[in-house]
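A look at the structure
The residues making up each chain are set out below.
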Protein chains: 2
Amino acid sequence: MSPRKIGVTELALRDAHQSLLATRMATEDMVDACDDLDKAGYWSVECWGGATYDACIRFLNEDPWVRLRTFRELMPNSRLQMLLRGQNLLGYRHYEDMVVEKFVEKSAENGMDVFRVFDAVNDPRNMAKAMQAVAKTGKHAQGTICYTISPVHTVEGYVKLAGQLLDMGAQSIALKDMAALLKPQPAYDIIRGIKETYGEDTQINVHCHSTTGVTLVTLQKAIEAGADVVDTAISSMSLGPGHNPTESFVEMLDGTDFTTDLDMSRLIKIRDHFAKIRPKYEDFESSVLVDTDIFASQIPGGMLSNMESQLRAQGAGDKIKEVMAEVPLVKADAGHPPLVTPTSQIVGTQAVFNVLFGRYKKLTAEFADLVLGYYGHTLGEVNPEVAKIAEEQTKKEPITCRPADLLKPEWDELVRKTKELEGNDGTDEDVLTYAQFPAVATDFFKHRAEGPHSVAKSFAELAAEKEAKAKGATAAGIGTVTYNVSLGGRTHTVKVERA
Amino acid sequence: MSPRKIGVTELALRDAHQSLLATRMATEDMVDACDDLDKAGYWSVECWGGATYDACIRFLNEDPWVRLRTFRELMPNSRLQMLLRGQNLLGYRHYEDMVVEKFVEKSAENGMDVFRVFDAVNDPRNMAKAMQAVAKTGKHAQGTICYTISPVHTVEGYVKLAGQLLDMGAQSIALKDMAALLKPQPAYDIIRGIKETYGEDTQINVHCHSTTGVTLVTLQKAIEAGADVVDTAISSMSLGPGHNPTESFVEMLDGTDFTTDLDMSRLIKIRDHFAKIRPKYEDFESSVLVDTDIFASQIPGGMLSNMESQLRAQGAGDKIKEVMAEVPLVKADAGHPPLVTPTSQIVGTQAVFNVLFGRYKKLTAEFADLVLGYYGHTLGEVNPEVAKIAEEQTKKEPITCRPADLLKPEWDELVRKTKELEGNDGTDEDVLTYAQFPAVATDFFKHRAEGPHSVAKSFAELAAEKEAKAKGATAAGIGTVTYNVSLGGRTHTVKVERA
């Protein structure tokens, strides 16, 4: 029997630099890798999402749509893939359905092939419209399970959610492990459950971060359970809070019942490209290599550092342990949402408020919305007492309908507002940029004509720094150093060492 | 059925800092972790070997025997484990049997429990004496398979070697993967083969480096095949050219048929200790994170950088590709030895010589010895033409006996010579230090009384560097610096620049 072929999604252009380099990589540092990415044999190339879109206009003075069209042109043979936050699109609020439709339509038109649609609280109703819109364009609609661990999350529950996504027209299911919490055995059980319930030909893609150091084994167990496609990042853009290395995944299958179709000579060229580029972004590097604390604390690294800076800003930096102990309680009261953007920020900030001002004495508007149902339906029950406090504080009614059903048509108004902005180019793409990031877009349109502005160091700067450091390290008095010392007009040779 | 318990050997005190920090860690930076190491539930704590012994006397002015006794005292409940290069002991030549006996006896007496005995060319005759000596002390003798990939190395061959080691009295078998070449499937096949051939109760320990990024999956498959103990390193001292993270290994078994008895709260304390200590050694850090090239090139990272510096010293830095192409040929001509100390250096240097001076125009003394049998029997046949050249160049006869059989008794002479050295303390331990590292030991004995000399940065230096960096590299005082210097009650203005 010939080995079963496993597809691979390369993450270098999106989640890898989002996780490792604060999403700062400029398009100019990606284009030279595109030919090899296009021909290496990947199932898809992930290259677009909320943070990359945001970083383009916020930090890089790049039009994200131009970036997408560049990828389309440079990778004509590849499936381009994006991460889409359901009814949120790439922004931080729910959009009315027509905006969702427009966004998907324009993304497809500009070259997107695979839409990985997810929702922070795993509410299928928040994914439905986006998936319908994808189906309408004829592109690939992937429904997503956000994996988390809680008293209410079970293998059976995840299998059931997969069924709901398939019923909604998902052509594949993504099992998304944004916090590296997915251990090998539950991965195996969930994937086996989906395959056995909905058929062995149900396509399953697995996305794991590598933060906890366990998830390459998770990918192994996932494919033993029948997973079809796994997400990896080229080795020079891998590990830490990022993902498992592509080449290692390929090599580990050697001699097993599985194989990939990846061309190692292309992978090496991709690796070498990013190995060269990465130092330019050293100022944005994450320092985490392995961290298994999240299994106990349930707090992703990014969320922890957010809470720490909030506390410090309040002069309460010493309260972090109390806040960490508060998080599981707040999460439970909110119905055990997975902690991923934006729920991680919402739960984290409320935990900080509880410690600073007393438990639920002061709710953030977002947390009140969460417990009142405005982010959708959480799997666990919201603590009714907390919901009552939210109702009282905000004078808002709790809802059970799909949150976007409450929204009025807004497309025409967005078009009108965008057209008033200096530098807008009159396209629907600009309307969508404005819709999702109104303040940043307003500024971006004004300056767009100036062209991309990289925040990376140049190779010349890196070389100069390296030289300065080499000189500085020796001058810093490590061990014994010999100096020429001029004193009173005479030069002495002096040997100096640290006392 | 309750899960099967997997033992864990912690590598933080030996191979982890050898692989990541050039073996420079001082005893003073280890002692505070010992209580937790002792009580965390490890199967053994690896803490001694050739490089740590060498680094103690060469760089740290520490007596390696004092270090061993310190560990023994601080970890009374643990199996202390060492890596022993068979008839080479911790040095780079073969020793006469009585020296081997003395070394093992003294190591056991000073507190060693588990002796992992290996030989670079996997010649059981080079391991026999050391293993007998261990048995005589009543300690644990572990026979080792050095794993490599070659046309003559097969699963069956490794299984056969395990049998020879068991026949020689090995109480367990170590499968040692020093170059991170051991993929999951061959690991499974070799371990299954050993268990099925010699009994399921044959203890198998698995040691993998993490350089290629695949070997956590290798450990998973190894335990599925029946492996009993695996080697890991606490996460803050893991990955890169080192080893897989201990905590990740523990977590990945959650919910499976396997478990460890490790106490996570102790692991976290050990992790935090080394996370704090590691920056003190940043000058010795390896920069490798993942490297799968070795699967194709067969050249371990350390060997490659050695060859590069040899070429540069000859003004032939541009010839590295030719040398890399020459390595497999030289390795094959030498009978396919695994590339590990010292064979990696011997094969590498000969490949450099072949490119610089013409193929086998000039042999190194060590390479001639290798092909003439003076390092023992290699699994593949030595190229007879190359052996003939070696014979002609060196006027030495090829041998087929155990190399150490040619050695004359040397213990009394070593004792005599050691007693002549300034600063020797008259112990057998000093004789053994001199026997293994004659030049370095001579110098070490002279300065031993000065006490340990750490090469690490102090926390104060680290803090000062951080501050200086924050202030800006421009103010770092590179070039000429002016100081006010007080000397003998007078203050001078002194201009200083590097000589």
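Anything mentioned here points back to the structure above.
This is a predicted model, so every value here is computed, not measured. (Residues numbered from 1 in each chain as written. Chains lettered and ligands numbered in written order. Predicted model: local features only at pLDDT ≥ 70, side-chain atom pairs only at ≥ 80, totals over all residues.)

1. Describing the overall build of chain A
Basically, it comes down to this: Each helix is a run of DSSP H or I of at least 4 residues and each strand a run of E of at least 2, with the numbering of both proceeding from the N terminus. Computation of the radius of gyration draws on C-alpha atoms, with the globule rule given as 2.2 Å multiplied by the number of residues to the power 0.38. Buried, partly exposed and exposed are defined by the number of other C-beta atoms within 10 Å of a residue's own C-beta, namely 20 or more, between the two limits, and 12 or fewer respectively, with C-beta atoms placed from the backbone. For the purpose of contact definition, each residue receives a C-beta atom placed from its backbone, and two residues are in contact when these atoms lie within 7 Å.
Broken down by element type, chain A carries 21 helices and 12 strands. In terms of C-alpha radius of gyration, chain A reaches 25 Å, essentially the compact-globule figure of 23 Å for 499 residues. When each of the 499 residues of chain A is scored for burial, the buried share is 52%. Taking all contacts inside chain A whose residues are at least 6 apart in sequence as the whole, residues at least 24 apart take part in 77%.

2. Notes on the sheet that holds strand β6 (residues 140-146) of chain A
Residues and elements named next belong to chain A. What counts is decided by this rule: Note: two strands are recorded as paired if DSSP finds a minimum of 2 bridges between them. Axis definition: a line fit to C-alpha positions, over the contact stretch in the case of helices; interaxial angles, taken between N-to-C directions, run 0 to 180 degrees.
Strand order in the closed barrel formed by eight strands is β2-β3-β4-β5-β6-β7-β8-β9, and the pairing between neighbours is parallel. Adjacent strand axes in the sheet meet at a mean angle of 30 degrees when their direction is disregarded. Here strand β7 (residues 172-177) pairs with strand β8 (residues 204-208) via five bridges, running parallel. Within the sheet, the bridge partner assigned to Ile173 lies in β8 and is Ile204. Running over the sheet, helix α9 (residues 215-224) touches β7, β8 and β9 (229-232) and is turned about 170 degrees from β8.

3. A short note on the pairing of strand β5 (residues 114-117) of chain B
Residue and element names in this part refer to chain B. Where we set the bar: If you view a crossover with the strands going away from you and the path from the first strand over the helix to the second runs clockwise, you call it right-handed.
Covered by surrounding structure in β5 are Val114 and Arg116 together with Phe115 and Val117, the residues of both alternating faces. Traced from strand β4 (residues 80-84) through helix α5 (residues 97-110) to β5, the parallel crossover comes out right-handed. For the crossover that starts at β5, traverses helix α6 (residues 124-137) and ends in the parallel strand β6 (residues 140-146), the hand is right-handed.

4. Some words on the environment of Gln203 of chain A
All names here are of chain A. Note on placement: Gln203 falls in the loop between α8 (184-198) and β8. Owing to 16 C-beta atoms within 10 Å, Gln203 belongs among the partly exposed residues under this scheme. For the pair formed by Gln203 and Ala227, sequence separation is 24 residues and the distance between their alpha carbons is 7.2 Å. Those residues in contact with Gln203 that sit more than four places away from it in its chain are Gln171, Ser172 and Asp228.

5. Digging into the pairing of strand β7 (residues 172-177) of chain B
Residue and element names in this part refer to chain B. Most of β7 is tucked away: five of the six residues are buried. As a crossover connection, the stretch from β6 through helix α7 (residues 155-167) into β7 is right-handed. Once you follow β7 into helix α8 (residues 184-198) and on to strand β8 (residues 204-208), the crossover reads as right-handed.

6. A closer look at the sheet that holds strand β3 (residues 44-48) of chain B
The eight strands lie next to each other as β2-β3-β4-β5-β6-β7-β8-β9 (chain B), forming a closed barrel whose pairing is parallel. In this sheet, neighbouring strand axes are inclined to one another by 30 degrees on average, regardless of whether the strands run parallel or antiparallel.

7. A closer look at the environment of Asp15 of chain B
All names here are of chain B. As for its position among the elements, Asp15 is in helix α1 (residues 12-20). Separated by 68 residues in the primary sequence, Asp15 and Leu83 have C-alpha atoms spaced 9.2 Å apart. Those residues in contact with Asp15 that lie beyond four places of it in its chain are Glu46 and His243.

8. Considerations on the packing of α7 of chain B against α8 of chain B
Residues and elements named next belong to chain B. This is how it is decided: Each angle receives one of four descriptions, namely roughly parallel if under 35 degrees, roughly antiparallel if over 145, roughly perpendicular if within 65 to 115, and oblique otherwise. Take the far helix as your reference; a near helix turned counterclockwise from it by less than a right angle gives a left-handed crossing, and one turned clockwise gives a right-handed crossing. Ten residue types, Ala, Val, Leu, Ile, Met, Phe, Trp, Tyr, Cys and Pro, are classed as nonpolar, four, Asp, Glu, Lys and Arg, as charged, and the remainder, Gly among them, as polar.
Two elements in contact, α7 and α8, have axes whose closest approach is 9 Å; the angle formed by their N-to-C orientations is 45 degrees. As far as their axial angle goes, α8 and α7 are oblique. Where α7 crosses over α8, the two elements pack in a sense that is right-handed. For the pair α7 and α8, the contacting residues are Val155, Tyr158, Val159, Ala162, Gly163 and Leu166 in the first and Pro186, Asp189, Ile190, Gly193, Ile194, Thr197 and Tyr198 in the second. Among the residues making up the contact of α7 with α8, the classes are represented as nine nonpolar, three polar and one charged.

9. Thoughts on unusual backbone geometry
All names here are of chain A. Going from Thr341 to Pro342, the amide bond is cis rather than trans, its omega being 0 degrees. Here Pro342 lies in the loop between α14 (320-333) and α15 (343-357). For Thr23, which is not glycine, the phi torsion reads 65 degrees and is therefore positive. Within the secondary structure, Thr23 sits in the loop between α1 (12-20) and α2 (31-39).

10. Remarks on helix α20 (residues 438-447) of chain B
Residue and element names in this part refer to chain B. In plain terms, the rule: Relevant arc is that of directions from the helix axis to the C-beta atoms, nothing else.
Taken residue by residue, α20 has Ala441, Phe444 and Phe445 as its buried positions. Viewed along the axis of α20, the buried residues span an arc of 100 degrees, placing them on a single side of the element. In this structure, the buried residues of α20 make contact with α3 (50-58) and α19 (428-436).

11. Thoughts on the packing of helix α5 (residues 97-110) of chain A against helix α19 (residues 428-436) of chain A
Residue and element names in this part refer to chain A. Two numbers describe how α5 lies on α19: the axes approach to 10 Å, and their chain directions differ by 125 degrees. The angle between α5 and α19 places the two elements in the oblique class. In the crossing of α5 with α19, the sense of the turn from one axis to the other is left-handed. Together, Val99, Lys102, Phe103 and Lys106 of α5 and Asp428, Glu429, Leu432 and Ala435 of α19 make up the contact between the two elements. Counted by class, the contact of α5 with α19 contains four nonpolar, no polar and four charged residues.

It is worth stressing that arrangement in space is one thing and function is another; only the former is reported here.
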